[in-house]
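# Architecture at a glance
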Protein chains: 2
Amino acid sequence: MSGSTWVPNNDPSSDFSLANIPFGIISTQSDPSPHVAVAISSYVLDLKVLVSEVDLTPIFTSSSHADVFAQPTLNAFAQLGRATHREVRRGLQDLLAADTPYPHLLRDNAHLLERALLPQRSVKMHLPMAIGDYTDFYAGYHHAFAVGAMFRGPENALQPNYSHLPVGYHGRASSIVVSGTPVGRPVGQMVLDPSVLPKQPTTGPSRRLDIELELGCFLATPNDMGQPISIAEAEEHIFGYVLLNDWSARDIQTWEYVPLGPFNGKNFASTISPWVVLADALEPFRTAGIENQTPLQDYLKQSRPDNVFDIQLSVDLTTPEGDTTTIGRTSSKHLMWSFPQMIAHHTLGGCPMRTGDLLGSGTISGPTAGERGSLLEMSEGGKKDVLLYGMDARTFLKDGDSVTLRGFCGVLGARVGFGECRGRIYSAMPKVSES
Amino acid sequence: MSGSTWVPNNDPSSDFSLANIPFGIISTQSDPSPHVAVAISSYVLDLKVLVSEVDLTPIFTSSSHADVFAQPTLNAFAQLGRATHREVRRGLQDLLAADTPYPHLLRDNAHLLERALLPQRSVKMHLPMAIGDYTDFYAGYHHAFAVGAMFRGPENALQPNYSHLPVGYHGRASSIVVSGTPVGRPVGQMVLDPSVLPKQPTTGPSRRLDIELELGCFLATPNDMGQPISIAEAEEHIFGYVLLNDWSARDIQTWEYVPLGPFNGKNFASTISPWVVLADALEPFRTAGIENQTPLQDYLKQSRPDNVFDIQLSVDLTTPEGDTTTIGRTSSKHLMWSFPQMIAHHTLGGCPMRTGDLLGSGTISGPTAGERGSLLEMSEGGKKDVLLYGMDARTFLKDGDSVTLRGFCGVLGARVGFGECRGRIYSAMPKVSES
Ligand SMILES: [Ca+2]
Ligand SMILES: [Ca+2]
Ligand SMILES: [Mg+2]
Ligand SMILES: [Mg+2]
Ligand code: NI
């Protein structure tokens, strides 16, 4: 198998090279029921159509997966486990390779090609997983340090627990949406002038609406309640990865979060990219995370040092007038905790993970200016303008702004990327009236 | 319809009088697939059997609900909305009343009775709802004050936001279990001697395992993302109530919770009682909650002052030797925020609620000693023994201890209660080893 595909119109900068083969949920004009597809180049391969029309036993050595590919989420496929994900991805790579050993199955089968290989722009993408629980961590060291320093000074930037355990909190699963879903500016309680005591809140649309650039990780296989997942086993429980924009209303969050953590400042929306990049596809891009000088508890010790991925990440802001500025570029390697460490910690006390559970990395920022994953950091707490094309500027988001996260690894022609994680802010509705 | 039922073996102290008719999920020897039943006296009425064997159109004026009663959770029934819940509950009360107008349907139908009316002890109870998201609030004023005073002194016991909004945090849905499910003592990170600086954690079984006496509220009907539920509409979105024991590992929580809130200290288990008491059944027991002197934001203003329920609550602790002591008695009226206020706040920014979502009230304690809803309060932070029958004592829970929450309203013979919310602690497994 060579590195290129016979799929036409191949763009070397595509996120969806033959090295990727990410899974997603599509609906099409001929089949409006959401079902499973993979992305290849600027196309999708509709797996529900594929498995129903040809005998794939030559390429998938185990049984057919027709049933899981007709499902409206990837959960049934994810639950089959990593050995199956690996086999199916490799089989699809064989089928789509320029030198495919099975040209008759798809490449030379015009009748099937026409119905199974569809331009991406012709299909609708859906939320890829049914998400039982969502947990957001705080593993982006530079973000945690910068935000902590803003509030407590650099000496006390990080809490004493930060280097001992991956700090995280439970998020809201019901408001996770797929890229492209409009995001309403949340109304909430906030304190406009914190210098007036006692503090007096008002209720209105958030004035400090922000983004958080994160990597999301989907769980493949569950653990029983009371049975932790050891760090050595954790990789086997991972299905794959998405980009995650953890939209955050800083003014709402600041007023509400003591003592029990973020709530309405976070739960109005979280956007994920539509394609789940399988764990195997990211394996070649491993690297070491941020060094932690603190001696770790045994359950967090990971034998391999290359426990995070070097994914090139970017944040684009598009104004209502249509001008787009890349306001941040960084790498997903700037994490101090790996997803296996997060999983081992999360389940240490026996908490059960289920297929489709989502873990967020926490905001990812690099060490230098230009590598910030939130407007809070870029604007230094709202005090400095972030300059944009079109002679515009922001501290936080305006109505009509769109934010697009992107991420990829690898060289031109062999990229493993995520596509877009995009959301546009629409104006808050009028205040709720009592009827 | 009189106040009594023809169902035999009626115990006047039963939680399940004709005034109640709570819904749950059972499996039986003849039908091991979980399905819907109601509790009446010491029996359950199997609704799947009932609706499949008799024509209930005389008592349920709208269409039959055969399909929803065969489901493994109450979600499909809950989603039908309060008007339907009300009609079905009233119809079942008519059917079960001593002076039932429909004696031939069930009471005098020996063949059906034998299969539809089963002793409670002969059926297995299951988790009543599929819970999409679980949010735990902190509306128990006396608890919040007592715990805050313990950490920051009485002057600063409550955070400035406490009286302005119902403080809450997202909990973990995957570890919510039904009464009777054993609860493993969680292993976690904790700091044994916080006076040693820098703080040094160790990993081991929690030494400060606690309970939290709470009321849980299940959502019936959803709201669309971006569309808040106004406080005037909130009651119509409520399905019913359960008792909730929010098990808490205080030592794990203390170390982990700054700055993002409780995590592993809470997510190992939360136990709920098996029967969902419909919102209508609690209507006669409304009362005023704790007065809030703070002027409220408009969206939290509730027209009726009787916005909470006066449910008599108790906490029993049973030692491994089998001695049972009632360690706390209080009322669910000691809340400063009502569930409609929690719902209005939770959805203010557009967060979507789904059928089956669970809201916890927060720990309920009364103003006096003997009315505490947690061992943390009873033992004054672990400094004072809570005395038990059998010449025993506790600060926090021992392995083998069982805790049983109970709650009821109303007079003997007409009680509306929850049954038991019980869990027994089993010992933490050996520390996870790396393989
Ligand atoms: Ca975040
Ligand atoms: Ca609680
Ligand atoms: Mg979010
Ligand atoms: Mg809990
Ligand atoms: Ni009906």
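Keep in mind it's a predicted model, so treat the numbers as computed, not measured.

### Details of the sheet that holds strand β1 (residues 23-27) of chain B
Residues and elements named next belong to chain B. Read from one edge of the open sheet, five strands run β4-β3-β2-β1-β5, paired in antiparallel fashion. With one partner strand each, in any of the chains shown, β4 (117-119) and β5 (124-126) form the two edges of the open sheet. Each strand of the sheet is rotated relative to its neighbour by a mean of 50°, with strand direction disregarded. Relative to β4, strand β3 (residues 43-46) runs antiparallel, the two sharing three bridges. Looking at β4, one finds that L45 is bridged to L117.

### Focus: helix α10 (residues 339-346) of chain A
Residue and element names in this part refer to chain A. Where burial is concerned, most of α10 is hidden: eight out of the eight residues are buried. For α10, the complete set of buried residues consists of F339, P340, Q341, M342, I343, A344, H345 and H346. Of the surrounding secondary structure, the elements contacted by the buried residues of α10 are β6 (134-137), β7 (168-170), β13 (213-219), α7 (231-234), β14 (238-245) and β22 (358-360).

### Here's the deal with the domain arrangement of chain A
All names here are of chain A. Segmentation of chain A into domains returns domain 1 (23-126) and domain 2 (134-426). Computed from C-alpha coordinates alone, the two centres of domain 1 and domain 2 are separated by 31 Å. When domain 1 packs against domain 2, the two sides together hide about 1600 Å² of surface, and 61% of this comes from carbon and sulfur. On the domain 1 side of the contact with domain 2, F23, R82 and R89 bury the most area, a combined 41% of that side's loss. Applying the counting rule to domain 1 against domain 2 returns three salt bridges. A salt bridge links E235 to R82, with the shortest nitrogen-to-oxygen separation between them at 3.6 Å. Taken together, domain 1 and domain 2 are joined by five residue pairs in polar contact (both at pLDDT 80 or more). Elements with a minimum of two residues in the side of domain 1 that touches domain 2: β1 (23-27), β2 (35-40), α3 (75-79), α4 (82-96) and β5 (124-126).

### Observations concerning empty space enclosed by the protein
All names here are of chain B. Counting across every chain of the model gives ten cavities of 30 Å³ or more. In this structure, the largest cavity spans a volume of roughly 70 Å³. Forming the walls of the largest cavity are L215, E235, Y241, N307, V308, F309, S332, L335, S338, F339 and P340. Counting residues per element, the ones that place at least two in the lining of the largest cavity are β19 (308-309) and α10 (339-346). The residue inventory of the lining of the largest cavity, partitioned by class, reads seven nonpolar, three polar and one charged.

### Thoughts on the pattern of salt bridges
This structure, assessed with the given rule, holds 48 salt bridges over all chains. Where E212(B) meets K266(B), a salt bridge forms, and the shortest distance between an N and an O atom there is 2.7 Å. Placement of the pair is E212(B) in the loop between β12 (209-210) and β13 (213-219) and K266(B) in the loop between α8 (250-256) and β16 (270-272), with a sequence separation of 54 residues. Residue class for K266(B) comes out buried when judged on its relative accessible area of 6%. Across the salt bridge formed by R394(B) and D392(B), the nearest N and O atoms sit 3.1 Å from each other. In this structure R394(B) comes out as buried when scored by relative accessible area, which is 2%. Through salt bridges with shared partners, a single network forms among R82(A), R86(A), E235(A), D280(A), E283(A) and R286(A).

Conventions used here
For every chain, the first residue of the written sequence is number 1, and numbering continues from 1 along that sequence. Each chain is given a letter, starting from A, and each ligand a number, starting from 1, according to the order in which they appear as written. Two thresholds apply to this predicted model, a pLDDT of at least 70 for residue-level local features and 80 or more for giving and counting side-chain atom pairs, whereas whole-chain, interface and lining totals are computed over all residues. In computing side-chain properties, one takes all heavy atoms of the structure into account and sets aside hydrogens as well as water. Paired strands, as defined in this entry, are two strands with at least two bridges between them according to DSSP. Secondary structure elements are defined from DSSP: runs of H or I of at least 4 residues count as helices, runs of E of at least 2 residues count as strands, and each element is numbered from the N terminus. Each axis is a line fitted through C-alpha atoms, and for a helix only the stretch in contact is used; angles between axes span 0 to 180 degrees, taken between their N-to-C directions. Each residue is placed in one exposure class: buried if its accessible area under a 1.4 Å probe, protein chains only, is under 20% of its type's maximum, exposed if it is over 50%, and partly exposed if it falls in between. Contacts are residue-level and defined by heavy atoms, with any inter-residue pair within 4.5 Å sufficient. Each domain's limits were defined by an automated method or a database of domain assignments. Throughout, buried area stands for the accessible area (probe radius 1.4 Å) lost by two parts on being put together, summed over both. We define a salt bridge as a side-chain nitrogen of Lys or Arg found within 4 Å of a carboxyl oxygen belonging to Asp or Glu. For the purposes of these results, a polar contact is taken to be a pair of N or O atoms within 3.5 Å, where, inside protein, one atom must be able to donate a hydrogen and its partner to accept one; residues adjacent in sequence count only when each atom of the pair is a side-chain atom. Of the grid points, spaced at 1 Å and generated over the protein atoms alone, those admitting a 1.4 Å probe that cannot get out make up cavities, while open sets with protein on both sides within 12 Å along at least five of seven lines make up pockets; any residue with an atom within 4 Å of a point is treated as lining. Grid points are joined across faces, edges and corners, and a volume is the space filled by probe spheres set on the points. Any residue that is not Ala, Val, Leu, Ile, Met, Phe, Trp, Tyr, Cys, Pro, Asp, Glu, Lys or Arg is counted as polar, Gly included; the first ten are nonpolar and the last four charged.

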